[in-house]
Each structure stands twice: as structure tokens, then as C-alpha cells.
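Structure at a glance
The chain contents come next:
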Amino acid sequence: MLNGHGDDLHLVEGEVKHNFSSNVYYKGCPRVLLEEISKHVNQIQSYPSPIANELNKLAAKKFKLKSEQFLFTNGATEAFYLIAQLFSNKNAAIVAPTFSEYEDACEIFKLNYQLISQTEIRETNVDLLFVCNPNNPNGSVFSKEELEFLFQQKPNTTFVVDEAYIEFTNRIESIVSLTNRYDNLIVVRSLTKAFIIPGLRLGYIVSKALNIERLLNLKMPWSVNSLAIKAGEFIFNNYEKLQFDVLELIEETAVFQKQLTEINGIQVCESNTSYFLVKLQTKKAKELKEYLIEKHQILIRDATNFNELEGEYIRLSTQSEKANVVLVQALKEWI
């Protein structure tokens, strides 16, 4: 992680009462999932399976694909590094502003990469192209039809579509099913955000079997730990029961954004997710972050280090109604 991103709670000294910097679902890990994980703590005394392929069959059943089309990883981040390694020394493009790990992975494996806007995709010819959908940090989206058009238009470009936050929007649907149809599509997904287990690190890659085989040849063994595997098994066996209500979350976000729009000196940016950018019109994001930690024990994301994002921005992720009100009041005081 060369550039830094996401939740830097580990860097904060003292108590944080409200954490708006992380995009994971605010109500926390479902209790039944925590209880299930706790039942298997003794398994840390033994090695996990080398490639966590017991999860493949469960994922294949959910998505109606073949088990050979899946590869489980130590969070989505390991997936991006494996993909970059597979395309080492080739040409790549990243639709920006977006998650910094795509750049970091390209740097490490010496891909010649460029940052492009959404409107530049059609004119860009590269071996590998990263698209975050929905995008982090601004919540923009590509429809299934838009992406499928690109796959057809650019058969020589392999598209990496990051669906880590697909559960956090009601505007688009997953394109996992399209991996059956297109050789040039790799979908990366995460179980850590929607099911609130980022500390366990569990993600996965979905693609044609041949692409998975090539990635598997590069993967180190035992990168997915025993507790993460058990969590994954329980999640896939109880997916709908554990999934939060996205419509409710989006409604809560709309209320929160409306409260923020009543504050002078900030501009709330449009988003299709429960996280969104806020532009500071007269002050510095770094100063606001420091003020909120020191005076209110509130943590936000300073978004000024997202490449291709010009200006002073913070990123917020909808929290509980009480926490949202506390932040709104603190912003009013600061402004």
C-alpha cells in the first residue's frame, strides 16, 4: 500500500466515537457470523487449505457458475496484485480517481499505466484496464450494458471490474454472470465490506477457467486463513439472511446528505452509494480531519490524496442517525 487509503483508525491515538472514514456497513458484523467464527478459533492451530478451494463450490452454487471460475484471496487487494503480476511489463489504464491499490500493484509489477477518465475509455487501447464499479471514492457507476459494450468493442483488452461495493448500491447489478461469455473479463469481489469482516481479509476473483488457472500459478499458498474460510462458508450458506437492506441504507444516506447540504461552505457530491465525496469550498481537508478528531473524536477520510481529484475533498460513509447528526453539528461549528 504505497499511497495510503481507507480507514486509518490504527493511526489515531485515543478514542474514536464515530468513524466515517471506512466504507464498511455501519451496523457491524452480524452477531450470528461472529458466533460462527468464534466456534472455530481452535483451527488456527492447523494450516488452512492451500488455496481455500472449499469456498469455490459454494460460490459457484450462488452465482450458477463452475467452481473452476473462482479464486479466493486475502482480501480483494491480493487479487489486484496477482492480476498485475500476470500482466507484468504490459500496458494498463486505470479509470480515476479511484482506489490506489490498482496503481500500487502496477508500480510493483512494472506495468506501464496511465490514469484516464470515464469518457476516455473508448479511445484507450491497453492490455489491462481497471474499473471500480461502483467507484471508490465518488460512487459513480457503469451499467451492465455500458460495460458489455466495452468488452465487445475491445476484445484485446482485459477488463478488471472491481465490485467490492456492489452491495452498497441499488442502481446497478453485478456482472459476474458475464464471465461465462467474455474471455477478457475478470471480476474482483469482496466479502469484507458488506459482511463487516475487513480484519479477516477475504475476497475472490471470478473469470473464465483459463484465466483463473493462470492466476493460480502465481498465487502463494495459505494466503486465506482458517477463520476467513469458515466465515466464507457461513456467508455463502446464509448470504441473503446476512445481507443488509440496501434500500434502507440509501434512504438513510439521502437524509444524511440533505442535512449536509444545509451547511454553508461545503458541496455534497452526487453518489449512487452510501459513501460520497464532500468538497470544501474555503478550507483544508487536513485541517478539518484534525479538528474533528481532536474536538469531537470523529474520524473522516481526507480524500485529497486520490489522484485526478482536484480540490479539497473529504469522503464520508453513512453511519447511524445519531452519529450523522453529531457530525453535521460538528461541521456547522467548524465552518
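The sections below set out a description of the structure shown in this document. Because the structure is a prediction, the values reported are computed rather than measured.

Things to note about the overall build of the protein
For the protein, the helix and strand inventory stands at 11 helices and 13 strands. Scaling as 2.2 N^0.38, a compact globule of 335 residues should have a C-alpha radius of gyration of about 20 Å, and the protein matches this with 20 Å. Seen along its three principal axes, the alpha-carbon backbone of the protein occupies a region of about 55 × 50 × 35 Å. Expressed as a percentage of its 335 residues, the buried residues of the protein come to 56%. Accessible surface, the protein as shown: approximately 15500 Å² in total, 48% of it carbon and sulfur. One finds the centroid of the 35 positive side-chain charges in the protein at a distance of 4 Å from the centroid of its 42 negative side-chain charges.

Looking at the side chain of N272
Here N272 is to be found in the loop between β9 (266–268) and β10 (275–280). By relative accessible area, N272 is classed as buried at 14%. Among the polar contacts made by the side chain of N272, one reaches the main-chain carbonyl oxygen of G139 at a distance of 3.0 Å. Excluding its chain neighbours within four sequence positions, the residues that come into contact with N272 are G139, S140, V141, F168, T169, N170, R171 and I250.

A short note on empty space enclosed by the protein
Tallied over the full model, the rule gives one cavity of 30 Å³ or more. Taken as a whole, the largest cavity holds about 30 Å³ of empty space. In terms of lining, the largest cavity is formed by N23, V24, Y25, Y26, F168, L249, S274, S317 and T318. Along the lines of polarity and charge, the residues of the lining of the largest cavity split into five nonpolar, four polar and no charged.

Cut-offs and rules
- Residues numbered from 1 in each chain as written.
- Predicted model: local features only at pLDDT ≥ 70, side-chain atom pairs only at ≥ 80, totals over all residues.
- Heavy atoms only, no water.
- Helix = DSSP H or I, 4+ residues; strand = E, 2+ residues; numbered from the N terminus.
- Rg over C-alpha atoms; globule rule 2.2 N^0.38 Å.
- Buried < 20%, exposed > 50% of the residue type's maximum accessible area, 1.4 Å probe, protein only.
- Areas by Shrake-Rupley, 256 points an atom, 1.4 Å probe, with all protein chains shown as cover.
- Lys, Arg positive; Asp, Glu negative; His and termini not counted.
- Charge placed at Lys NZ, Arg CZ, Asp CG, Glu CD.
- Polar contact = N/O pair within 3.5 Å; in protein donor to acceptor, adjacent residues only side chain to side chain.
- Contact = heavy atoms within 4.5 Å.
- 1 Å grid on protein atoms, 1.4 Å probe; cavity = no way out; pocket = protein on both sides within 12 Å on 5 of 7 lines; lining within 4 Å.
- Points joined across faces, edges and corners; volume = space filled by probe spheres on them.
- Nonpolar A, V, L, I, M, F, W, Y, C, P; charged D, E, K, R; others polar.

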